[in-house]
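The primary structure of each chain is shown beneath.
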Amino acid sequence: GAGVSQSPSNKVTEKGKDVELRCDPISGHTALYWYRQSLGQGLEFLIYFQGNSAPDKSGLPSDRFSAERTGGSVSTLTIQRTQQEDSAVYLCASTQGPGPYEQYFGPGTRLTVT
Amino acid sequence: GESVGLHLPTLSVQEGDNSIINCAYSNSASDYFIWYKQESGKGPQFIIDIRSNMDKRQGQRVTVLLNKTVKHLSLQIAATQPGDSAVYFCAESHGNKLVFGAGTILRVKS
């Protein structure tokens, strides 16, 4: 019964570089969410995947951000040409079925852009 | 309550006392509400949830109260312990998504 895992736990990158963040949801969970949490702030919704449906990308802050989910399981969040304002903790959550109910969160990836 | 910038509201309570954390929500159409606890360096952890057809739900040492008339949600923690120290977030449903408040810091004094 492993929970949601994310890698890396910490990532330091130079401004302008691309980064990839990985999320492994709980096995069998069909829904997957990405959030961003800036220092001392709440969670900002980024993107939502549910089964084979088209993802809800309405929270992505710019076209530098993209995400995919392969085989309905692992997801990768990619940030291209990183900027200092992208520095934050990126959290992934999964749920058993559609809807926002009782999301299980991973530990997050702390991204620092220098 | 909600925060402004980096200044999260802070609730300090004595160990053993009861804590009440409040949250105002915005969407009168929300049908689901949830409280999370987040300790430093960790992801949010589910505490308790409630659907809009209820006004109270109890768990182990926690109670959530929902007042739809004034769009207010509260989390009550009984006999607060040092391990309860964390940031607490409320969230409301917007379709398939959760919209989170900025959080309240709970500090437990021994």
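Check the entry above for the structure.
The structure contained in this document is the topic of the report that follows. (Residues numbered from 1 in each chain as written. Chains lettered and ligands numbered in written order. Predicted model: local features only at pLDDT ≥ 70, side-chain atom pairs only at ≥ 80, totals over all residues. Heavy atoms only, no water.)

## Let's talk about the sheet that holds strand S1 (residues 5–7) of chain A
Residues and elements named next belong to chain A. Note the following rule: Pairing between two strands is assigned when DSSP locates at least 2 bridges connecting them. Numbering of helices and strands runs from the N terminus; a helix is a DSSP stretch of H or I covering at least four residues, while a strand is a stretch of E covering at least two. With axes taken as lines fitted to C-alpha atoms, and helix axes fitted only over the stretch in contact, angles between N-to-C directions fall between 0 and 180 degrees.
Spatially, S1-S3-S7-S6 is the arrangement adopted by the four strands of the open sheet, whose pairing is antiparallel. Since the sheet does not close on itself, it has two edges, and those belong to S1 and strand S6 (65–69), each with one partner. The mean inter-strand angle of the sheet, taken between neighbouring strand axes irrespective of direction, is 15 degrees. Where S1 lies against strand S3 (residues 19–24), three bridges are found, and the strand directions are antiparallel. By the bridge assignment for S3, Gln6 is matched with Cys23.

## Focus on the pattern of salt bridges
Stated formally: Salt bridges are defined by distance alone: a side-chain nitrogen of Lys or Arg within 4 Å of a carboxyl oxygen of Asp or Glu. The buried label goes to any residue with under 20% of its type's maximum accessible area, the exposed label to any with over 50%, and the partly exposed label to all in between, with areas taken from a 1.4 Å probe on protein chains only.
In this structure the tally under the stated criterion is eight salt bridges over all chains. Between A:Asp56 and B:Lys97 there is a salt bridge, with the nearest N and O atoms lying 3.4 Å from each other. Here B:Lys97 lies in strand S9 (residues 97–100) and A:Asp56 lies in the loop between strand S5 (43–50) and S6, a pairing that spans two chains. Overall, the relative accessible area of 24% leaves A:Asp56 in the partly exposed class. The salt bridge involving B:Arg57 is made with B:Asp49; its shortest N-O contact spans 2.3 Å. Relative accessible area serves as the criterion here: at 35%, B:Arg57 is assigned to the partly exposed category. By relative accessible area, which is 11% here, B:Asp49 ends up buried.

## Brief notes about the packing of aromatic side chains
The criterion, for reference: Side-chain rings of Phe, Tyr and Trp, where Trp is taken by its six-membered ring, are said to pair if the distance between their centres is within 6.5 Å; with planes under 30 degrees apart they count as stacked, over 60 as edge-to-face, and otherwise as tilted. For a ring to carry a charge above it, either NZ of a lysine or CZ of an arginine must fall within 6 Å of the ring centroid while also lying within 35 degrees of the normal to the ring plane.
A full pass over the atoms with the stated rule returns ten aromatic pairs over all chains. Here the aromatic rings of A:Phe105 and B:Tyr36 are separated by 5.2 Å at their centres, their planes lie at 90 degrees, and the arrangement is edge-to-face. On the criterion of chain membership, the pair formed by A:Phe105 in strand S9 (residues 104–105) and B:Tyr36 in strand S3 (residues 32–38) is interchain, its members lying in two chains. A relative accessible area of 11% places A:Phe105 in the buried class. Here B:Tyr25 and B:Phe33 contribute two aromatic rings whose centre-to-centre distance is 4.5 Å and whose plane-to-plane angle is 55 degrees, an arrangement assigned as tilted. Of the two residues, B:Tyr25 and B:Phe33, both sit in the buried class. The ring of A:Tyr101 carries the charged tip of B:Arg51 above its face, separated from the ring centre by 4.4 Å.

## What to know about unusual backbone geometry
Here the amide bond leading from A:Ser7 into A:Pro8 is cis, since omega sits at -10 degrees, within 30 degrees of zero. The phi dihedral of B:Arg61 falls on the positive side, at around 65 degrees, and the residue is not glycine. If you trace the backbone, B:Arg61 turns up in the loop between strand S5 (56–58) and strand S6 (62–67). B:Arg61 sits in the partly exposed class, given a relative accessible area of 30%. The residue B:Ala79 is not glycine, and still its phi comes out positive at about 50 degrees. With respect to the helices and strands, the residue B:Ala79 is situated in the loop between strand S7 (72–77) and strand S8 (86–94).

## Description of the pairing of strand S4 (residues 31–37) of chain A
Residues and elements named next belong to chain A. Along S4, seven of the seven residues are buried, which leaves the element largely enclosed by surrounding structure. Alternating residues of S4 divide into Ala31, Tyr33, Tyr35 and Gln37 and Leu32, Trp34 and Arg36, and every residue in both groups is buried. Across seven bridges, the pairing between S4 and S5 is antiparallel. Its bridge partner lying in S5, Tyr35 is registered against Phe45. Hairpin connection of S4 to S5: five residues between the antiparallel strands, including Gly40 at a positive phi of 70 degrees. As judged from the seven bridges shared by S4 and strand S8 (residues 88–95), these two strands associate in the antiparallel manner. Looking at S8, one finds that Tyr35 is bridged to Leu91.

## So, the interface of chain A and chain B
Accessible area lost when the parts come together is the quantity often used to give the size of an interface. Using the following cut-off: Residue contacts follow a heavy-atom distance rule, with two residues in contact if any of their heavy atoms lie within 4.5 Å. A quick way to say it: buried area is the sum, across both parts, of accessible area lost when two parts are put together, with a 1.4 Å probe. Any pair of N or O atoms that falls within 3.5 Å is considered a polar contact. Within protein, one atom must be able to donate a hydrogen and the other to accept it, and sequence-neighbouring residues count only if both atoms are side-chain atoms.
Of the residues lining the interface, 22 residues belong to chain A; the matching set on chain B comes to 24 residues. Approximately 1,700 Å² of surface area, both sides summed, lies buried where chain A meets chain B, with 57% of it carried by carbon and sulfur atoms. The largest per-residue losses of area from chain A upon contact with chain B belong to A:Pro100, A:Tyr101 and A:Glu102, which jointly make up 29% of the total buried on that side. Counting across the chain A and chain B interface gives one salt bridge. Run the count over chain A and chain B and you get six residue pairs in polar contact (both at pLDDT 80 or more). Those elements giving two or more residues to the side of chain A that touches chain B turn out to be S4 and S5 of chain A.

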